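Overview (structure and organization)
The lines below spell out each chain.
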2 protein chains.
Amino acid sequence: MRISALAAEAGLPVATVKFYLREGLLHPGVATSATQASYDASHVRRLRLIRALTGPVGLSVGQARTILGLVDDPGDDLYATLGRAVSALPPAVDAASDDDPDPYPRARAALESLGQVYDPRFAAVAQLETALAAAEAAGMPISEDRLLGYGRSLHDIAAFDLERMPQEPHAAVEYTVLGTALYEPVLLALRRLAHQDVAARRDLGR
Amino acid sequence: MRISALAAEAGLPVATVKFYLREGLLHPGVATSATQASYDASHVRRLRLIRALTGPVGLSVGQARTILGLVDDPGDDLYATLGRAVSALPPAVDAASDDDPDPYPRARAALESLGQVYDPRFAAVAQLETALAAAEAAGMPISEDRLLGYGRSLHDIAAFDLERMPQEPHAAVEYTVLGTALYEPVLLALRRLAHQDVAARRDLGR
């Protein structure tokens, strides 16, 4: 199909499709003349994925390019690939100085309380530190019992995620990277809705 | 204290503090002359809260203003106030047309599966629809068993949140609105870290 049909199929303006081509998020079509190219179903699928990542997931074009690059070329170390994917996801965090012997004290204490294995270089440790520090600065620190309560529920979710991970390495990376990014907005919306359900059942606030 | 001391205390440039004053996020100090004002600990606390909301929570200045406005002036309907707060949080969603009899079919089906009470006008319903549609468009739809797995864990988290809600109405709004926004980055970081813990214990990916 021509670029106009591709854009219509994906529900995007032609200019946006051209932008993604220029930015390297969308792979080129097959050239049919000096000024035209032909696109197929793989381009439609890719545009849907780009829309999902830059829409509800809230990634910038640069962040989406990083995530898509990891899915396209995952390398052979799933652990390292997931690490790079997580550091491309919000919130952005500054790298710790090598000189600081304990750059993430709140995250370290939390993970020790939870008894969880972790690599301190994994971006999510710095992200947890930032999130805990923000809650603390806003006067609503995460108490020990809240940490343990949240940690237990999220560990259940993570175990569920890992149990369903495909065996084939390329599929495993796609599942892990995209499942981290795409399912987060689902999880947050479900929590907000669960608040409403719990409140309604207790007849609070109405 | 003068504005320079306030800025230093909050770890922000003076220009940023002036910007928040102009934008109405920070309440004015007490005027001490035609060009100077005096600030106190309430201003330091407020700046920390603004930093938390615009930093790790990722809100725009406009979204942070909405959230802070609801905390400052919650009205007497906690339910309506929380509804307004949730619609100020990402992801931004379009209002459904009044003509559409079933604007959120995926969210409706999911909430029916979960057996949850919900108000279809609550912004989180549209947010869930958008998130489910994005996962589907990206070729990774949320299966029924994943929905039930996630839903159970998030219901536990929501029940935990509600159990600890303060009784006094103003404190309850602050807890509910800020706890929704501030604890979400903590929850996402904990899930990412729980993946690592589960994977390490299974000796996967290393």
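Residues numbered from 1 in each chain as written. Chains lettered and ligands numbered in written order. Predicted model: local features only at pLDDT ≥ 70, side-chain atom pairs only at ≥ 80, totals over all residues. Heavy atoms only, no water.

Things to note about the relation of the copies chain A and chain B
- Superposition record for chain A on chain B: RMSD 0.0 Å, screw rotation 180°, translation along axis 0.0 Å. In short, the pair behaves as if placed about a two-fold rotation axis. Judged by C-alpha distance, S153 of chain A is the residue of chain A that lies nearest the rotation axis, at 2.5 Å. (Least-squares fit on C-alpha atoms with pLDDT ≥ 70 in both.)

As for the domain arrangement of chain A
Residues and elements named next belong to chain A.
- Domain assignment breaks chain A into domain 1 (1-54) and domain 2 (55-201).
- The C-alpha centroid of domain 2 is placed 31 Å from the C-alpha centroid of domain 1.
- Contacts between the two partners involve 11 residues from domain 1, matched on the other side by 15 residues from domain 2.
- Roughly 1100 Å² of surface becomes buried between domain 1 and domain 2 when both sides are summed, with 67% attributable to carbon and sulfur atoms.
- At the boundary of domain 1 with domain 2, the tally comes to two salt bridges.
- Salt-bridge contacts for E23 lead to R65; the nearest nitrogen and oxygen are separated by 3.2 Å.
- The greatest single-element share of the side of domain 1 that touches domain 2, amounting to seven residues, is contributed by helix α3 (residues 41-54). (Domains from an automatic or database assignment. Contact = heavy atoms within 4.5 Å. Buried area = accessible area lost by both parts, 1.4 Å probe. Salt bridge = Lys/Arg side-chain N within 4 Å of Asp/Glu carboxyl O. Helix = DSSP H or I, 4+ residues; strand = E, 2+ residues; numbered from the N terminus.)

Quick notes on the UniProt feature "domain: HTH merR-type" (unreviewed entry) in chain A
- The feature "domain: HTH merR-type" (unreviewed entry), as annotated in UniProt, sits at residues 1-70 of chain A in this numbering.
- From the first C-alpha to the last, residues 1-70 of chain A spans 27 Å; its make-up is 59% helix and 6% strand. (UniProt positions renumbered as here; feature names shortened; annotations may be inferred.)

Some remarks on the layout of surface pockets
- Computed from the structure, the largest pocket encloses a volume of approximately 590 Å³.
- As for the largest pocket, its lining consists of 29 residues, and the residues nearest its centre are V57, P90 and L188 of chain A together with V57 and P90 of chain B.
- Looking at which element gives the most residues to the lining of the largest pocket, the answer is helix α9 (residues 169-201) of chain A, with six residues.
- Split by residue class, the lining of the largest pocket holds 19 nonpolar, six polar and four charged.
- Each pocket or cavity is described by its volume, and for the second largest pocket that value is around 440 Å³. (1 Å grid on protein atoms, 1.4 Å probe; cavity = no way out; pocket = protein on both sides within 12 Å on 5 of 7 lines; lining within 4 Å. Points joined across faces, edges and corners; volume = space filled by probe spheres on them. Nonpolar A, V, L, I, M, F, W, Y, C, P; charged D, E, K, R; others polar.)

Regarding helix α7 (residues 123-137) of chain B
- Between its first and last C-alpha atoms α7 of chain B spans 21 Å; for 15 residues at 1.5 Å apiece the expected length is 21 Å, and the two agree.
- Counting buried positions along α7 of chain B yields 11 of 15 residues, so the element is predominantly enclosed.
- Of all the residues in α7 of chain B, the buried ones are A123, A124, V125, A126, Q127, L128, E129, A131, L132, A134 and A135 of chain B.
- Residues of α7 of chain B that are buried make contact with α3 and α9 of chain A together with α5 (78-88) and α6 (105-114) of chain B.
- Residue G139 of chain B follows α7 of chain B closely and has a positive phi angle near 80°. (Expected span 1.5 Å × (residues − 1). Buried < 20%, exposed > 50% of the residue type's maximum accessible area, 1.4 Å probe, protein only.)

Structural notes on the packing of aromatic side chains
Residue and element names in this part refer to chain A.
- Enumeration according to the criterion identifies six aromatic pairs over all chains in this entry.
- Their ring planes at 50° and their centres at 5.8 Å tell us that F19 and Y20 sit as a pair that is tilted.
- Using a relative accessible area of 8% as the deciding quantity, one classes Y20 as buried.
- When the ring centre of F160 is taken as reference, the NZ or CZ atom of R164 above it lies at 3.6 Å. (Phe/Tyr/Trp six-rings, centres within 6.5 Å; stacked < 30°, edge-to-face > 60°. Lys NZ or Arg CZ within 6 Å of the ring centre and 35° of its normal.)

Describing the interface of chain A and chain B
- Listed by partner, the interface residues are 80 residues for chain A and 80 residues for chain B.
- Carbon and sulfur atoms supply 68% of the area buried between chain A and chain B, which totals about 7700 Å² over both sides.
- Considering only the side of chain A, the residues that lose the most area to chain B are M140, R191 and R192 of chain A, jointly responsible for 10% of the buried surface there.
- Applying the counting criterion to the chain A and chain B interface returns eight salt bridges.
- If you look at where chain A meets chain B, you find 34 residue pairs in polar contact (both at pLDDT 80 or more).
- Listed by contribution, the elements that provide at least two residues to the side of chain A that touches chain B are α3, α5 (78-88), α6 (105-114), α7 (123-137), α8 (144-163) and α9 of chain A.
- Here the side of chain A that touches chain B takes 25 residues from α9 of chain A, the largest share from any one element.
- By residue class, the composition of the side of chain A that touches chain B is 51 nonpolar, 12 polar and 17 charged. (Polar contact = N/O pair within 3.5 Å; in protein donor to acceptor, adjacent residues only side chain to side chain.)

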